[in-house]
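Each chain is listed here by its residues.
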Amino acid sequence: MFDREGLEIAGEAGDVDEAVAMAEAERPDVVLVAVELPGGGLEATRRIAALAPGVRIVVLTSGPSGEELVDAVLAGAAGYLGRDVDTQRLPTVIN
């Protein structure tokens with residue numbers, strides 16, 4: 001799906017430290033961060049935003065809430081999506 005839209009997946013992280021290190025090293029255009037990431041997706045968002053300010057961060061959540069949305073934006077997220085987003089539209093949404 002991503003290849004079709006000309007997007008390349010740079011990597012997949014298993015926890016906050018790995019996500020932050022990968023984002024800092026790779027400097028991708030967009031990082032998708034799951035709220036449920038071990039160590040805390042919002043913590044990863046804060047740290048990535050601080051270390052790589054040009055990277056757009058989109059937070060994915062399984063249970064969207066208004067409070068979590070505010071926390072994500074305050075942490076540095078450029079977008080916030082429920083995991084139920086149409087996978088066919090995801091590349092367009094994050095691009």
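Scoring rules and cut-offs
Residues numbered from 1 in each chain as written. Predicted model: local features only at pLDDT ≥ 70, side-chain atom pairs only at ≥ 80, totals over all residues. Heavy atoms only, no water. Pairing = 2+ DSSP bridges. Helix = DSSP H or I, 4+ residues; strand = E, 2+ residues; numbered from the N terminus. Axes fitted to C-alpha atoms, helices over the stretch in contact; angles between N-to-C directions. Contact = heavy atoms within 4.5 Å.

Caption draft 1: Highlighting the sheet that holds strand β3 (residues 79–82). With parallel pairing, the 3 strands of this open sheet are ordered in space as β1-β2-β3. For this open sheet the edge positions go to β1 (30–34) and β3, each flanked by a neighbour on one side alone. Taking the axes of each pair of neighbouring strands and ignoring which way they run, one obtains an average angle of 25 degrees across the sheet. As paired elements, strand β2 (residues 56–61) and β3 share 4 bridges and run parallel to each other. What sits directly across from Val58, in β3, is Gly79. Its contacts with the sheet place helix α2 (residues 41–51) against β1 and β2, and it is angled at close to 155 degrees to β1.

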